[in-house]
Amino acid sequence: MEEGGASLHLRGGRGRRFGRCGLSERRNKDLPGEGGIFETQSFGVDTAAFVTTREMSGVLGLDNQASMILVKTAVNGREEEYKTEILSYGVQEEVLTFREKSGGFVDQAIRSFNIINAISTLVSLIIAIVVVFIVIFINTVNRRRQIGILKAIGIDQQIIINSYVLQVLFITAVGALVGIGLNAGGVTTYLTAYPLVFPGGPVYPDVEVSAILRSIGSLFGVSLVAGYIPAWRIAREDILSAIRGMRR
């Protein structure tokens with residue numbers, strides 16, 4: 001606190017400086033010490049100065065009046081419905097959802113996260129295609145002679161291909177179950193307890209069942225294609241070339 005400069009500096013842990021508030025000399029003498037230290041990770045809040053209701057009413061000349069009312073909804077995603085319901089009660093004042101109040105900041109943040117999610121999903125699917133293709137390709141190449149013998153004794157080509165497709169389905173199902181387990185019991189729990197810190201506030205995952213089902217469906221689709229191609233290429237070889245282990 002500075003007597004001559006009539007200002008108050010607020011400091012947090014590890015010497016962090018939170019802000020500076022201009023004060024009159026009369027107020028400066030009445031202050032018992034530093035207080036009201038807070039950190040919310042929001043620039044609009046952390047740079048603000050908070051005063052008591054009594055002091056604000058004295059400055060503005062208001063008594064038992066509010067300039068803004070904040071309403072917390074019980075369910076996320078239904079803000080427009082709540083807004084319509086509030087207006088139906090005859091409220092003449094301006095009613096805004098959090099998206100409208102934020103001036104597009106929230107929409108931009110959501111779009112950014114959606115882009116990141118789309119990129120990560122695409123990269124994951126590409127990795128899945130490469131891994132499944134390599135596993136099935138190596139498996140079929142190493143068993144080319146066995147495949148040739150199976151064809152020689154009358155096993156249909158499609159049955160051989162279907163056996164590798166079943167292997168792909170099993171590998172994909174195991175991978176999906178492991179991913180769901182890690183997501184539910186590890187990553188989501190950890191990020192919920194320790195959310196990512198952003199200037200607009202903490203960010204934690206909100207996993208939707210529909211998104212998980214779409215991802216699993218996409219994973220099975222690309223895995224089937226990646227596994228079918230090498231199995232089909234090996235199974236269509238002629239019997240003698242397959243038994244000799246040589247390509248045509």
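Let me begin by describing the structure that accompanies this report. (Residues numbered from 1 in each chain as written. Predicted model: local features only at pLDDT ≥ 70, side-chain atom pairs only at ≥ 80, totals over all residues. Heavy atoms only, no water.)

In terms of regular secondary structure, the protein chain is built from 10 helices and 4 strands. Scanning the protein chain from its N terminus toward the C terminus, one meets helices and strands in the order β-β-α-α-α-α-α-α-α-α-β-β-α-α. Across the protein chain, contacts joining residues at least 24 apart in sequence account for 55% of those joining residues at least 6 apart. Of the roughly 18,200 Å² of accessible surface on the protein chain, 62% is carried by carbon and sulfur atoms. (Helix = DSSP H or I, 4+ residues; strand = E, 2+ residues; numbered from the N terminus. Contact = heavy atoms within 4.5 Å. Areas by Shrake-Rupley, 256 points an atom, 1.4 Å probe, with all protein chains shown as cover.)

Moving on, we come to the nonpolar core. Listed in full, the 12 residues of the largest apolar core are Val-132, Ile-136, Ile-147, Ile-160, Ile-161, Tyr-164, Val-165, Val-168, Ala-226, Ala-231, Ile-234 and Ala-235. Tallying contributions element by element places helix H8 (residues 157–193) first for this core, with 5 residues. Every residue in contact with Val-165, bar those within four places of it in the chain, is listed here: Leu-224 and Tyr-228. (Core = buried A, V, L, I, M, F, W, Y, C linked by side-chain atoms within 4.5 Å. Buried < 20%, exposed > 50% of the residue type's maximum accessible area, 1.4 Å probe, protein only.)

With that settled, consider the pattern of salt bridges. The full count for this structure, using the stated rule, is 1 salt bridge. For the salt bridge of Arg-78 with Glu-81, the shortest nitrogen-to-oxygen distance reads 3.0 Å. Owing to a relative accessible area of 47%, Glu-81 belongs among the partly exposed residues under this scheme. (Salt bridge = Lys/Arg side-chain N within 4 Å of Asp/Glu carboxyl O.)

Evaluated as defined, the whole model comprises 2 aromatic pairs. On the basis of an interplanar angle of 5 degrees and a centroid distance of 6.0 Å, the ring pair of Phe-133 and Phe-137 is categorised as stacked. Residue Phe-133 and its partner Phe-137 are located together in helix H6 (residues 105–142), separated by 4 residues, close to a single helical turn. Residue classification places Phe-137 among the partly exposed positions, given a relative accessible area of 27%. Measuring from centroid to centroid gives 5.2 Å for Tyr-190 and Tyr-194, while their planes differ by 40 degrees, and the two rings are tilted. Considered together, Tyr-190 and Tyr-194 belong to a single accessibility category, that of exposed residues. (Phe/Tyr/Trp six-rings, centres within 6.5 Å; stacked < 30°, edge-to-face > 60°.)

This brings us to the side chain of Thr-172. Within the secondary structure, Thr-172 is located in helix H8. Those residues in contact with Thr-172 that lie beyond four places of it in its chain are Leu-219, Phe-220 and Ser-223.

Before going further, it helps to spend a moment on H8. With 37 residues, H8 extends 53 Å between its outermost C-alpha atoms, agreeing within 8% with the 54 Å of an ideal straight helix rising 1.5 Å per residue. Burial in H8 covers these residues: Ile-160, Ile-161, Tyr-164, Val-165, Val-168, Thr-172, Ala-176 and Thr-188. The opening residue of H8 is Asp-156, an N-cap whose side-chain oxygen sits 3.0 Å from the backbone nitrogen of Gln-158. (Expected span 1.5 Å × (residues − 1). Polar contact = N/O pair within 3.5 Å; in protein donor to acceptor, adjacent residues only side chain to side chain.)

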